[in-house]
Amino acid sequence: MADIIDGKAFAEGLRARVATVAADFEAQAGRKAGLAVVLVGEDPASQVYVRSKGKQTVACGMASFEYRLPVETPEAELLALVEKLNCDPAVDGILVQLPLPSHINEQKVIATINPDKDVDGFHVVNVGRLATGLPGFVPCTPLGCLMLLKDKLGSLSGFEAVVVGRSNIVGKPMAQMLIAESCTVTVAHSRTKDLPAVVRRADIVVVAVGRAEMVKGDWLKPGATVIDVGMNRIPAAEDGKTKLVGDVDFASASEVAGAITPVPGGVGPMTIAVLLRNTIVSAHRAAGLELDESVL
Ligand SMILES: NC(=O)C1=CN([C@@H]2O[C@H](COP(=O)(O)OP(=O)(O)OC[C@H]3O[C@@H](n4cnc5c(N)ncnc54)[C@H](OP(=O)(O)O)[C@@H]3O)[C@@H](O)[C@H]2O)C=CC1
Ligand SMILES: Nc1nc(=O)c2c([nH]1)NC[C@@H]1CN(c3ccc(C(=O)N[C@@H](CCC(=O)O)C(=O)O)cc3)C=[N+]21
Ligand SMILES: [Mg+2]
């Protein structure tokens, strides 16, 4: 039976370290670090995440600015809000919750965020910084995955890593980070031939596809470390209820893997904790204060 990687506990620890640094920041800067979260529309899952982000931001001793805009908000109005937040000295981080309604161009919105406040790490400038090894903001979900991997395995140098999924927010930045850690990286996707055979090569498997319980135990090399990014709501056994499952079939995978993240309680809580980490890092840069990032 695999070790269960407790992302929820790791995230709690990270948030406690962020809170210590945030209190120190407030004492030095004379203001709280601030995170602005913008939600357009009323998607129930997004509302839950945004509420949870706001609560955790305040619990870490930072200021939370929440903007809830109606689904029919014109693109120009959203861009104007982002420009206002870019200029607001109380705001160190800006997150525009994705996906956006279809009449709004997501790339245009992301391009409007000041890269130095882009705590999601989605702006092309930060994507380029990650790809070239320059300091910047890196996307929260893959950084959370990397923290869990390094906590479990120590140095990742020389490991065979397979990332399943090539999205801009998870798969591609995850691959970049694993390259930077000197893994041998393969990126698989929907056109990959014989995916089980590709996954079976991996010492480290990160799965971000959005397909409930797709990766089975017999796809894994025995002892592999498995990071399940997926979040899929499926009907539960009982009538009418739903449950949250990952992209990995936990029951079979946990019999073969060496270590595995559960869903919920794995990567999800790390995403928000890393967002708060990125925000306190941004605040120090904005205020010209030194921060030893290794304390986070
Ligand atoms: N825990 C967290 O904090 C977060 C969780 N998530 C979850 O992670 C999952 C992935 O999210 P995201 O990256 O945004 O998803 P996207 O839909 O943007 O990308 C999915 C990727 O998976 C690939 N894919 C789809 N089907 C298959 C298949 N059958 N075999 C192999 N590859 C496949 C796609 O390939 P192709 O490019 O060829 O189409 C694509 O590259 C979702 O469940 C999402 O809810 C996402 C963000 C944060
Ligand atoms: N600009 C932007 N940045 C994001 O980082 C972003 C986004 N848009 N849009 C949506 C996705 C998804 N996402 C999650 C955050 C927390 C959990 C999380 O806390 N999950 C918990 C509980 C989930 C539950 O019970 O519903 C868990 O997995 O244990 C999951 C997913 C951030 N995203
Ligand atoms: Mg997506």
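If you're wondering where the values come from, they're calculated on a predicted model, not measured in any experiment.

Thresholds applied
- Residues numbered from 1 in each chain as written.
- Chains lettered and ligands numbered in written order.
- Predicted model: local features only at pLDDT ≥ 70, side-chain atom pairs only at ≥ 80, totals over all residues.
- Heavy atoms only, no water.
- UniProt positions renumbered as here; feature names shortened; annotations may be inferred.
- Helix = DSSP H or I, 4+ residues; strand = E, 2+ residues; numbered from the N terminus.
- Near = heavy atom within 4 Å.
- Polar contact = N/O pair within 3.5 Å; in protein donor to acceptor, adjacent residues only side chain to side chain.
- Nonpolar A, V, L, I, M, F, W, Y, C, P; charged D, E, K, R; others polar.
- Pairing = 2+ DSSP bridges.
- Phe/Tyr/Trp six-rings, centres within 6.5 Å; stacked < 30°, edge-to-face > 60°.
- Lys NZ or Arg CZ within 6 Å of the ring centre and 35° of its normal.
- Core = buried A, V, L, I, M, F, W, Y, C linked by side-chain atoms within 4.5 Å.
- Buried < 20%, exposed > 50% of the residue type's maximum accessible area, 1.4 Å probe, protein only.
- Domains from an automatic or database assignment.
- Contact = heavy atoms within 4.5 Å.
- Expected span 1.5 Å × (residues − 1).
- 1 Å grid on protein atoms, 1.4 Å probe; cavity = no way out; pocket = protein on both sides within 12 Å on 5 of 7 lines; lining within 4 Å.
- Points joined across faces, edges and corners; volume = space filled by probe spheres on them.
- Axes fitted to C-alpha atoms, helices over the stretch in contact; angles between N-to-C directions.

In this section: the UniProt feature "domain: Tetrahydrofolate dehydrogenase/cyclohydrolase catalytic" (unreviewed entry) in the chain. The feature "domain: Tetrahydrofolate dehydrogenase/cyclohydrolase catalytic" (unreviewed entry), as given by UniProt, occupies residues 5-120 in the numbering adopted here. Counted over residues 5-120, helix gives 51% and strand 16%. Its end C-alpha atoms are 24 Å apart.

Ligand 1 sits among 22 residues. The nearest are Arg 166, Ser 167, Ser 190, Met 231 and Thr 271. Residue Ser 167 places a side-chain N or O atom 2.6 Å away from an oxygen atom belonging to ligand 1. For ligand 1, an oxygen atom lies 3.5 Å from a polar atom in the backbone of Val 229. No other element matches helix α10 (residues 267-287), which puts 3 residues into the shell around ligand 1. Residues that form the shell around ligand 1 fall into these classes: 9 nonpolar, 10 polar and 3 charged.

The strands that make up a sheet are held in pairs by hydrogen bonds between backbone atoms, and each pair lies either parallel or antiparallel. Spatial ordering of the open sheet is given by β1-β11-β8-β7-β5-β6, a layout of 6 strands whose pairing is parallel. Each of the sheet's edge strands pairs with one partner strand only, and the pair in question is β1 (3-4) and β6 (184-188). Taken together, the 5 bridges between strand β5 (residues 160-164) and β6 define a ladder with parallel strand orientation. If you follow Val 163 over to β6, its bridge partner there is Val 187.

The full count for this structure, using the stated rule, is 0 aromatic pairs. It is Arg 17 that lies over the ring of Phe 10; its NZ or CZ is 5.8 Å from the centre. We note Arg 285 situated over the ring of Phe 137; from NZ or CZ to the ring centre the distance is 5.0 Å.

This next bit is on the nonpolar core. If you look at the biggest cluster of nonpolar residues, it comprises 52 residues, and the most contacted ones within it are Val 18, Met 62, Met 174, Leu 178, Ile 227, Val 229 and Ile 280. Those elements giving two or more residues to this core turn out to be α1 (7-29), β2 (34-40), α6 (140-153), β5, α7 (171-180), β7 (204-207) and α10. Broken down by element, the residue count for this core peaks at 9 residues, all from α10. Formed jointly, this core draws a minimum of three residues from each of two domains, domain 1 (28-114) and domain 2 (140-260). When sequence neighbours within four positions are dropped, the list of residues in contact with Met 174 reads Pro 142, Cys 145, Leu 146, Val 163 and Val 206. Ranked by size, the runner-up nonpolar core spans 18 residues in total, among them Ala 2, Ala 202, Val 226 and Ala 253.

As a further point, take helix α2 (residues 44-59). The periodicity of an α-helix, 3.6 residues per turn, causes residues three or four positions apart to be oriented the same way. Helix length check: α2 (16 residues) gives 23 Å between terminal C-alpha atoms against 22 Å at 1.5 Å per residue, within 8%. Buried within α2 are the following residues: Ser 46, Val 50, Lys 53, Gly 54, Gln 56 and Thr 57. Turning to α2, the residues buried within the fold contact α1, β2, β3 (63-69), β4 (93-96) and α10.

Enumeration according to the criterion identifies 1 cavity of 30 Å³ or more in this entry. In this model, the largest cavity occupies a volume close to 40 Å³. Lining the largest cavity, in full, are Ile 94, Leu 95, Val 96, Leu 98, Ile 110, Ile 113, Asp 118, Asp 120 and Phe 122. For the lining of the largest cavity, the element with the highest residue contribution is β4, accounting for 3 residues.

Here we have 3 strands laid out as an open sheet, ordered β3-β2-β4, and parallel in their pairing. Edge strands, defined here as strands with exactly one partner in the open sheet, are β3 and β4. Averaged over all neighbouring strand pairs, the angle between strand axes comes to 15 degrees, with direction disregarded. As defined by bridge partners, β2 adjoins β3 across 7 bridges and the pair is classed as parallel. Counterpart to Gly 34 in the pairing with β3 is Ala 63. Of the strands in this sheet, β2 and β4 are in contact with α10, which crosses β2 at around 130 degrees.

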